[in-house]
Amino acid sequence: MTDSGECVAIIPAKDEAGRIAATVAAVSALPQVATVIVVDDGSADGTGALALAAGAAVVTHPRNRGKAAAMTTGADFAAEHGWPDLPLLYVDADLEQSAAALGVLADPVLAGDADLTIAVLPPQSTAGGGRGFVVRLARNGIRELAGFETTQPLSGMRCLNRAAYTAAQPFARGWGVETAMTVDVVRAGLRVLEVPADLHHRVTGADWRGQLHRAEQYRDVWLALAARRGRALAARVRDRGGRDTPP
Ligand SMILES: O=c1ccn([C@@H]2O[C@H](COP(=O)(O)OP(=O)(O)O[C@H]3O[C@H](CO)[C@@H](O)[C@H](O)[C@H]3O)[C@@H](O)[C@H]2O)c(=O)[nH]1
Ligand SMILES: O=C(O)[C@H](O)COP(=O)(O)O
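Below is a summary of the structure that appears in this document. (Residues numbered from 1 in each chain as written. Chains lettered and ligands numbered in written order. Predicted model: local features only at pLDDT ≥ 70, side-chain atom pairs only at ≥ 80, totals over all residues. Heavy atoms only, no water.)

**Focus: the sheet that holds strand β1 (residues 7–13)**
Argument step 1. Here 7 strands make up an open sheet; going across it, the order is β3-β2-β1-β4-β6-β5-β7 and the pairing mixed. Among the strands making up the open sheet, the edge pair consists of β3 (57–61) and β7 (192–196). Geometrically, the sheet is characterised by an average inter-axis angle of 20° between neighbouring strands, direction not taken into account.
Argument step 2. Packed onto the sheet, helix α4 (residues 103–110) meets β1, β4 (88–90), β5 (116–120), β6 (158–160) and β7 and runs at close to 160° relative to β5. (Pairing = 2+ DSSP bridges. Helix = DSSP H or I, 4+ residues; strand = E, 2+ residues; numbered from the N terminus. Axes fitted to C-alpha atoms, helices over the stretch in contact; angles between N-to-C directions. Contact = heavy atoms within 4.5 Å.)

**Considerations on the packing of helix α5 (residues 133–146) against helix α7 (residues 177–187)**
Argument step 1. Orientation of α5 relative to α7, taken along the N-to-C sense of each, is 20°, at an axis distance of 10 Å. Taken together, the axis directions place α5 and α7 in an arrangement best described as roughly parallel. Crossing angle aside, the handedness with which α5 passes α7 is right-handed. Of the residues in α7, those touching α5 at Ala 138, Ile 142, Leu 145 and Ala 146 are Thr 179, Thr 182, Val 183, Val 186 and Arg 187.
Argument step 2. Grouping the constituent residues of the contact of α5 with α7 by class yields 6 nonpolar, 2 polar and 1 charged. (Parallel < 35°, antiparallel > 145°, perpendicular 65-115°, else oblique. Left-handed = near helix turned anticlockwise from the far one by under 90°. Nonpolar A, V, L, I, M, F, W, Y, C, P; charged D, E, K, R; others polar.)

**Quick look at the pairing of strand β2 (residues 33–41)**
Argument step 1. Along β2, 9 of the 9 residues are buried, which leaves the element largely enclosed by surrounding structure.
Argument step 2. As defined by bridge partners, β1 adjoins β2 across 7 bridges and the pair is classed as parallel. Within β2, the position partnered with Ala 13 by the bridge is Asp 40.
Argument step 3. The handedness of the β1 to β2 crossover, carried by helix α1 (residues 20–28), is right-handed. (Buried < 20%, exposed > 50% of the residue type's maximum accessible area, 1.4 Å probe, protein only. Right-handed = clockwise from strand over helix to strand, strands pointing away.)

**What about the site of ligand 1?**
Argument step 1. In the vicinity of ligand 1, 20 residues are found, and the nearest of them are Glu 16, Asp 41, Asp 92, Glu 178 and His 213.
Argument step 2. Between an oxygen atom of ligand 1 and a side-chain N or O atom of Glu 16, the distance comes to 2.6 Å.
Argument step 3. Note that an oxygen atom of ligand 1 is positioned 2.5 Å from one of the side-chain N or O atoms of Asp 92.
Argument step 4. Out of a free accessible area of 690 Å², ligand 1 has 91% covered by protein chains.
Argument step 5. Breaking the shell around ligand 1 down by element, the ones donating at least two residues are β1 and α8 (208–244). (Near = heavy atom within 4 Å. Polar contact = N/O pair within 3.5 Å; in protein donor to acceptor, adjacent residues only side chain to side chain. Areas by Shrake-Rupley, 256 points an atom, 1.4 Å probe, with all protein chains shown as cover.)

**Thoughts on the packing of aromatic side chains**
Argument step 1. Scanning the entire structure with this criterion turns up 2 aromatic pairs.
Argument step 2. Residues Tyr 90 and Phe 171 carry aromatic rings whose centres are separated by 6.4 Å and whose planes lie at 70° to one another, so their mutual orientation is edge-to-face. In this pair, Tyr 90 sits in strand β4 while Phe 171 sits in the loop between α6 (162–167) and α7, placing the two residues 81 residues apart along the sequence.
Argument step 3. A relative accessible area of 1% means that Tyr 90 is categorised as buried.
Argument step 4. What makes Phe 171 buried here is its relative accessible area of 12%.
Argument step 5. Measuring from ring centre to ring centre gives 5.4 Å for Tyr 165 and Phe 171, while their planes differ by 85°; the resulting arrangement is edge-to-face. Taken individually, Tyr 165 and Phe 171 each receive the classification buried, so the pair is uniform in this respect.
Argument step 6. A network of ring pairs unites the aromatic residues Tyr 90, Tyr 165 and Phe 171 as a single cluster.
Argument step 7. A cation over an aromatic ring shows up here: Arg 162 above the ring of Tyr 165, its NZ or CZ 5.4 Å from the ring centre. (Phe/Tyr/Trp six-rings, centres within 6.5 Å; stacked < 30°, edge-to-face > 60°. Lys NZ or Arg CZ within 6 Å of the ring centre and 35° of its normal.)

**Here we look at the site of ligand 2**
Argument step 1. Gly 130, Arg 131, Gly 132, Phe 133, Val 134, Val 135, Leu 154, Arg 214 and Gln 217 make up every residue found near ligand 2.
Argument step 2. Here an oxygen atom of ligand 2 and a side-chain polar atom of Gln 217 are 2.7 Å apart.
Argument step 3. Notes on ligand 2: free accessible area 310 Å², of which the protein chains cover 80%.
Argument step 4. Elements with a minimum of two residues in the shell around ligand 2: α5 and α8.
Argument step 5. Per element, the largest residue contribution to the shell around ligand 2 is 3 residues, and it comes from α5.

The structure is reproduced here in structure tokens:
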């Protein structure tokens, strides 16, 4: 760990033994990063030990709890270990050396020009196996609920200050976390910025595992949006009740 930077990097990781060391090394070398926390989300392949050997602080979920829970665990750990106020830089574990490009996400937040930045990735070297169903669901939902246009609504590489983090609490579960975070932060009146970043990750394929993964993503994004539609409706009803109540 180093202590010279200005944000805390949090890497949720499930069975990332092949990639975690390179990702931790690249993130640790970023001048904007004060410390790197890996949340081992119930891995069975030694991910946690490899992250520790690579110099990260490691928190472990004894059982798998999903990406959103790992993100919350990382933020809680940062707050409890001396970094309650620093912006958080969320990083997927599979970026390897390309994580060196993440500084562009931290800079606008550290400069006070954005409350939440979201990485927009270039075309990846391997073609993905999806048809855009999950991406469209998330993009349309964010537009409907927050009036905000996104290029890559599912992108998990994000930097956010503590005001944006608070606005996004509690995180939506599982794979709904990014979509819900964008909606919640925009609706709180905070500034969200998509930033191109030269990142390369493991692309989800077209085999049955990939399609099962997409089905889970679709379910979680749908549930996150449904919960926010419910909240928006309740707020409208409350507002109307307030207006109709005589002084
Ligand atoms: O139960 C899990 C599953 C995954 N991860 C980690 O979460 C990150 C993202 O997982 P990955 O399988 O690489 O996700 P993708 O299929 O690439 O999902 C895309 O879409 C997701 C939202 O659906 C975002 O969270 C991702 O950042 C984005 O890359 C990785 O570090 C994983 O190790 C966990 O911590 N817990
Ligand atoms: O591969 C992807 O980009 C995600 O798994 C989302 O899949 P989609 O193509 O169904 O939106």
